[in-house]
Amino acid sequence: MTQKVTSQEVKTRLDKMNLVDQFLFNEVMEYQDAFEATVSILLGEEIRLLGKAETENEFRLSPELRQARMDSVAVDERYRVYMVEMQKRNTKNLEKRSRIYQGHVDVSLMVPGTVDFNSLRDLRQIMVTPFDVFGRGLYRYTFRGVCAECPDLEIGDGVWRVFINTKGKNRGEFTEEFLDFMEYITESSDALAQATTSERMKIIHKRVKEVKQSEKTGVKIMQMWEEMTLEREEARAEGRAEGRAEGRAEGRAEGRAEGKMEGKAEGRADSILELLGELGDIPEDITVKVREQKEDSILSSWLKLAAKAAAFSEFRKAMDEPEGERTGKGATP
């Protein structure tokens, strides 16, 4: 049975969020001034938008092809398109993902019947991560399509693919504002906002606080978590159960029941690990323990813990605690 997320649990989780968390980032980027400030800091140039950004855009070229969901997309006064994505977890495929995004955006920008491809708008695709995708220690990697035979020759197609690494080491090449923002992305606190001299960061922090205090945001995140938990706990688990039942049973009721139980446990484990994945790369010991657990009541308890946990250490401590003790003193905050 799906356990309902309380308003206090939502508030606690929202208060602990930083800009690196995709949900908070998308909500903040809906404010035009916050989007302008963010991109201006990341690229080191002043930008002005024509209007507010669109968040969580979905692009699909046809019903048979995979969709692409992009965090925030906006157009500036020079009609350049900016696409910004916050990626907390290293999925090991971000280089190829950026290629998919570019293709979808380009196709969406072309009006049917267009014959002059020079009308295609310039694109600035920015991916922000709290880890180094390329391992060179840089804060910013900018790719523009350079000729291998003539390194000083750019293709000039108007596309920039920019990867931001908040853990870079080349501090001497960036402004104090940029460096302050790199720290703020993973620790979006009042203290850092007050310490910086950057007016842009103060604008961003103002919007972060508004989002966290908004009743509308609380309702939205509660609905999102409840829907996500329902889908993962029931639809995916039952789908796997049906597959195992069909494959093993061959008319034997006992075999069908056994397959369904195994599939249900695996489905719950997937749900737990997917929720924990929002915190970053999951420690191996937690992954192994979740996968090896087959008791439905324990997995159900861990699923609720995963939805509320703000750190892996918090989840690890709670999952090792006897169920009776955890129940007796209330839910882990």
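Residues numbered from 1 in each chain as written. Predicted model: local features only at pLDDT ≥ 70, side-chain atom pairs only at ≥ 80, totals over all residues. Heavy atoms only, no water.

Colleague: Mind laying out the pattern of salt bridges, listing which residues take part and the relevant values?
Modeller: As enumerated under the stated definition, the model contains 16 salt bridges in all. Linking Arg200 and Glu46 is a salt bridge whose minimum nitrogen-to-oxygen distance equals 2.4 Å. Of the two residues, Arg200 sits in helix α7 (residues 199–213) while Glu46 sits in the loop between α3 (32–43) and β1 (54–59), which places them 154 residues apart along the sequence. For Arg200, a relative accessible area of 22% puts it in the partly exposed group. Measuring nitrogen to oxygen at the nearest pair gives 2.6 Å for the salt bridge that ties Arg291 to Asp270. You can see Arg291 sitting in helix α10 (residues 284–292) and its partner Asp270 sitting in helix α9 (residues 253–276), a full 21 residues away along the chain. Judged by its relative accessible area of 37%, Arg291 is partly exposed. Asp270 sits in the buried class, given a relative accessible area of 10%. (Salt bridge = Lys/Arg side-chain N within 4 Å of Asp/Glu carboxyl O. Helix = DSSP H or I, 4+ residues; strand = E, 2+ residues; numbered from the N terminus. Buried < 20%, exposed > 50% of the residue type's maximum accessible area, 1.4 Å probe, protein only.)

Colleague: A description of the pairing of strand β3 (residues 81–86) should follow, citing residues and the corresponding values.
Modeller: Counting buried positions over the six residues of β3 gives six, a clear majority of the element. Judged by which residues are buried, β3 turns out to be covered on both faces: Val81, Met83 and Glu85 on one side and Tyr82, Val84 and Met86 on the other are all buried. Relative to strand β4 (residues 123–129), β3 is paired through six bridges, and the arrangement is parallel. Residue Met83 lies in a different strand from β4, and its bridge partner there is Gln125. (Pairing = 2+ DSSP bridges.)

Colleague: Describe the side chain of Asp76, listing the residues and the values that go with them.
Modeller: If you trace the backbone, Asp76 turns up in the loop between β2 (68–75) and β3. On the basis of relative accessibility, which here comes to 2%, the residue Asp76 falls in the buried class. In terms of polar contacts, Asp76 uses its side chain to reach the backbone amide nitrogen of Arg78, at 2.9 Å. Residues contacting Asp76, with those up to four places away along its chain left out, are Arg48, Leu49, Leu50 and Tyr82. (Polar contact = N/O pair within 3.5 Å; in protein donor to acceptor, adjacent residues only side chain to side chain. Contact = heavy atoms within 4.5 Å.)

Colleague: Outline helix α11 (residues 296–308), supporting the account with residue identities and numerical values.
Modeller: Here α11 contains 13 residues, and its C-alpha end-to-end distance of 19 Å stays within 8% of the 18 Å for a straight helix at 1.5 Å per residue. Among the residues making up α11, those that are buried are Leu299, Ser300, Ser301, Trp302, Leu303, Leu305, Ala306, Ala307 and Lys308. (Expected span 1.5 Å × (residues − 1).)

Colleague: So what about the nonpolar core? Which residues, and what values?
Modeller: Judged by nonpolar contacts, the single largest core of 45 residues is most densely connected at Leu19, Phe35, Ile126, Phe181 and Tyr184. The element contributing the most residues to this core is α3, with seven residues. (Core = buried A, V, L, I, M, F, W, Y, C linked by side-chain atoms within 4.5 Å.)

Colleague: Can you break down the packing of helix α5 (residues 176–186) against α7 residue by residue, with the values?
Modeller: Here α5 crosses α7 at 20 degrees, and the two axes come no closer than 10 Å. As summarised for this structure, α5 and α7 are arranged roughly parallel, according to the angle between their axes. Contact with α5, carried on its side by Glu177, Asp180, Phe181 and Tyr184, involves Arg200, Met201, Ile204, His205 and Val208 of α7 and no other residues of that element. (Axes fitted to C-alpha atoms, helices over the stretch in contact; angles between N-to-C directions. Parallel < 35°, antiparallel > 145°, perpendicular 65-115°, else oblique.)

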